[in-house]
2 protein chains.
Amino acid sequence: MNKRIAVLLSGRGSNFAAIAAAVNAGLIPASIAVVVSNRAGAPGLDHARALGIETLVLPSPGITRADYDSALAAELQARSVDLVCLAGFMRLLSPSFVRPFAGRILNIHPSLLPAFPGLDAQKQAFEYGVRITGCTVHFVDEGLDSGPIVLQAAVPVLDTDTVESLSARILEAEHRAYPQAIALVLSGNYSIEGRRVLRPKQ
Amino acid sequence: MNKRIAVLLSGRGSNFAAIAAAVNAGLIPASIAVVVSNRAGAPGLDHARALGIETLVLPSPGITRADYDSALAAELQARSVDLVCLAGFMRLLSPSFVRPFAGRILNIHPSLLPAFPGLDAQKQAFEYGVRITGCTVHFVDEGLDSGPIVLQAAVPVLDTDTVESLSARILEAEHRAYPQAIALVLSGNYSIEGRRVLRPKQ
């Protein structure tokens, strides 16, 4: 049966666009069931509508985190979502959401975790002076950027870089890495040993 | 004038061997003035002697850290050492050593710093489940693995890896990276802005 993905975003959702393109190209054997945003004005919603994908806006002001996350989980369960992909969703998810979707939530982070978790990872890396940074697709657990790592891609920092040029190079790597990681996770062709996400021998 | 390197080691000194090979091959325009160890039985000392390089054993038991580090600095100053390269030297260096050689001490660490500082970095990375790790050549300051980064090299973690096979792959990368970084620093052809070590535009 066709797998169903939900994408959660708060902004332009360029990773959503990359995922949608990979779905259309047949690289991800799934459909995007719904795109959810906590912000009605998120440009990513317009892109979803243009692609004929259902959109759902769940504003958060005035709602407790637990209630918000329970409502979000219920919406996704009602749509039989198999995998939740965070794509610039600017909210921390509480156990009310993470537990019902345990092992079925992915996030992409613009650094080689565990280096530079949290906000502005590209700027953190730039200012630290690393020569190599990158991006990380990981399962989401109840910590901050702490779940098991599915895939990482390395990105060089150039002497001529600014935070902006570095961020753009990392974003290109994200757009390649996220669809690959989603395809792997949807295939079910992996095991988790400790914190290691392992592919079986070919 | 020919630059003079000191290598400090406590064990087999495989990075010392890589540096010596790069010197012999003309890739590092310098000579190794002395190899220093805190352990008389360090196999790296035998290799230095076989290459006709002066060796110096400075045992540490019974000596305060400050006195040890002052004596070490005096020995290197007496030999007009330009650059100090730590190659598995299992002692933290105090201000008594770091200050007189400020900006002239390099270390190589088997991870992509700031991830996995300290001991057993390869095992830390393996158990964390990263897909990419590597090595870092950095200037030594008074913190732990915290000085400005000169060069990093990425190394993939394979599903079939053990800590040992991963460590061996990182060590190969170290043997390439350390001589490159030493040649750059000896050339003086860099600047430090904040924590970033920058090469001038070519």
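Residues numbered from 1 in each chain as written. Chains lettered and ligands numbered in written order. Predicted model: local features only at pLDDT ≥ 70, side-chain atom pairs only at ≥ 80, totals over all residues. Heavy atoms only, no water.

Moving on: empty space enclosed by the protein. Under the definition given, this model contains two cavities of 30 Å³ or more. For the lining of the largest cavity, the secondary-structure elements that each account for two or more residues are β6 (132-139) of chain A together with β6 (132-139) of chain B. Across the lining of the largest cavity, the residue classes break down as 13 nonpolar, four polar and no charged. In terms of lining, the second largest cavity is formed by Arg196, Val197 and Leu198 of chain A together with Gly129, Val130, Arg131 and Val157 of chain B. When grouped by side-chain class, the residues that make up the lining of the second largest cavity number four nonpolar, one polar and two charged. (1 Å grid on protein atoms, 1.4 Å probe; cavity = no way out; pocket = protein on both sides within 12 Å on 5 of 7 lines; lining within 4 Å. Points joined across faces, edges and corners; volume = space filled by probe spheres on them. Helix = DSSP H or I, 4+ residues; strand = E, 2+ residues; numbered from the N terminus. Nonpolar A, V, L, I, M, F, W, Y, C, P; charged D, E, K, R; others polar.)

Time to look at the relation of the copies chain A and chain B. Both copies of the chain are placed relative to one another by a rotation about an axis and a shift along it. At an RMSD of 0.0 Å, chain A and chain B line up after a rotation of 180° and a shift of 0.0 Å along the axis. Both copies of the chain, as the preceding transformation shows, are related through a two-fold rotation axis. Proximity to the rotation axis, assessed at the C-alpha, singles out Ala115 of chain A in chain A; its C-alpha lies 2.5 Å from the axis. (Least-squares fit on C-alpha atoms with pLDDT ≥ 70 in both.)

Per-residue confidence for chain A averages 95 on the pLDDT scale, and 99% of its residues sit at or above 70. Note on the complex model: pTM 0.94, ipTM 0.93. (pLDDT = per-residue confidence, 0-100.)

This part covers the pattern of salt bridges. Residues and elements named next belong to chain A. One pass over the structure, following the stated rule, counts 14 salt bridges over all chains. Note that Glu142 is salt-bridged to Arg99, the shortest N-O span being 3.3 Å. Of this pair, Glu142 sits in the loop between β6 and β7 (149-156) while Arg99 sits in the loop between α4 (95-98) and β5 (105-109); the two residues are 43 residues apart in sequence, bridging distant segments of the chain. Residue classification places Arg99 among the exposed residues on the basis of a relative accessible area of 58%. Of the charged contacts in the structure, one is a salt bridge between Lys123 and Glu127, with a shortest N-O distance of 3.8 Å. You can see Lys123 and its partner Glu127 sitting in helix α5 (residues 121-128), four residues apart, about one turn around the helix. You can call Lys123 partly exposed: its relative accessible area is 39%. Through salt bridges with shared partners, a single ionic network connects Glu54, Glu75 and Arg79. (Salt bridge = Lys/Arg side-chain N within 4 Å of Asp/Glu carboxyl O. Buried < 20%, exposed > 50% of the residue type's maximum accessible area, 1.4 Å probe, protein only.)

Attention now moves to the nonpolar core. Counting residues in hydrophobic clusters, the biggest one holds 99 residues, and the most contacted among them are Ile28 and Ile182 of chain A together with Ile182 of chain B. No other element matches helix α6 (residues 163-187) of chain A, which puts twelve residues into this core. (Core = buried A, V, L, I, M, F, W, Y, C linked by side-chain atoms within 4.5 Å.)

Attention shifts here to the interface of chain A and chain B. Taken together, the contact between chain A and chain B spans 31 residues of the former and 31 residues of the latter. Buried area between chain A and chain B, summed over both chains or domains, comes out near 2,400 Å², and the portion from carbon and sulfur atoms is 58%. If you sort the residues of chain A by the area they bury against chain B, Tyr128, Arg131 and Arg196 of chain A come out on top, with a joint share of 29%. Our count for the chain A to chain B interface comes out at zero salt bridges. There are twelve residue pairs in polar contact (both at pLDDT 80 or more) connecting chain A and chain B. Secondary structure elements with two or more residues in the side of chain A that touches chain B: α5, β7 and β9 (196-198) of chain A. Looking at the side of chain A that touches chain B residue by residue, the class counts come to 18 nonpolar, four polar and nine charged. (Contact = heavy atoms within 4.5 Å. Buried area = accessible area lost by both parts, 1.4 Å probe. Polar contact = N/O pair within 3.5 Å; in protein donor to acceptor, adjacent residues only side chain to side chain.)

Our focus in this paragraph is the side chain of Arg131 of chain A. Relative to the elements of secondary structure, Arg131 of chain A occurs in the loop between α5 and β6. A polar side-chain atom of Arg131 of chain A sits 2.8 Å from a polar atom in the side chain of Asp159 of chain A. Once you skip the residues sitting within four places of it in the chain, Arg131 of chain A turns out to touch Val155, Pro156, Val157 and Asp159 of chain A together with Ile149, Val150, Leu151, Gln152, Val197 and Arg199 of chain B.

All right, on to the packing of helix α1 (residues 14-24) of chain B against helix α6 (residues 163-187) of chain B then. All names here are of chain B. Two elements in contact, α1 and α6, have axes whose closest approach is 9 Å; the angle formed by their N-to-C orientations is 50°. One element, α1, and the other, α6, form an angle in the oblique class. Considering only the axes of α1 and α6, their crossing is right-handed. Contact residues: Ser14, Asn15, Ala18, Ile19 and Ala22 in α1; Leu171, Glu174, His175, Tyr178, Pro179 and Ile182 in α6. Taken together, the residues of the contact of α1 with α6 sort by class into seven nonpolar, three polar and one charged. (Axes fitted to C-alpha atoms, helices over the stretch in contact; angles between N-to-C directions. Parallel < 35°, antiparallel > 145°, perpendicular 65-115°, else oblique. Left-handed = near helix turned anticlockwise from the far one by under 90°.)

Residue and element names in this part refer to chain A. Of note, the bond from Leu113 into Pro114 is cis; its omega dihedral lies within 30 degrees of zero at 10°. Assignment of secondary structure puts Pro114 in the loop between β5 and α5. In the Ramachandran plot, Ser80 falls in the positive-phi region, its phi being about 55° despite a non-glycine side chain. Structurally, the position occupied by Ser80 is in the loop between α3 (65-78) and β4 (83-86). Its identity as a non-glycine residue notwithstanding, Asp120 has a phi of 55°, on the positive side. Take Asp120: it is sitting in the loop between β5 and α5.

On to the environment of Glu127 of chain A, then. Owing to a relative accessible area of 45%, Glu127 of chain A belongs among the partly exposed residues under this scheme. In this structure the C-alpha to C-alpha distance between Glu127 of chain A and Val163 of chain A, which are 36 residues apart in sequence, comes to 8.6 Å.

Take the domain arrangement of chain A next. All names here are of chain A. Under the domain assignment used here, chain A contains domain 1 (1-101) and domain 2 (107-202). Placing a centre on the C-alpha atoms of domain 1 and another on those of domain 2 gives a separation of 20 Å. If you look at the interface, domain 1 gives 19 residues, while domain 2 gives 16 residues. Here domain 1 packs against domain 2, burying approximately 1,500 Å² in sum over the two surfaces, 72% of which is carbon and sulfur. Summed over the three residues of domain 1 that lose the most area to domain 2, namely Asn15, Leu83 and Leu86, the buried surface amounts to 31% of that side. Every element with two or more residues in the side of domain 1 that touches domain 2 is listed here: β1 (3-9), α1 (14-24), β4 and α4. A per-class count over the side of domain 1 that touches domain 2 returns 14 nonpolar, two polar and three charged. (Domains from an automatic or database assignment.)

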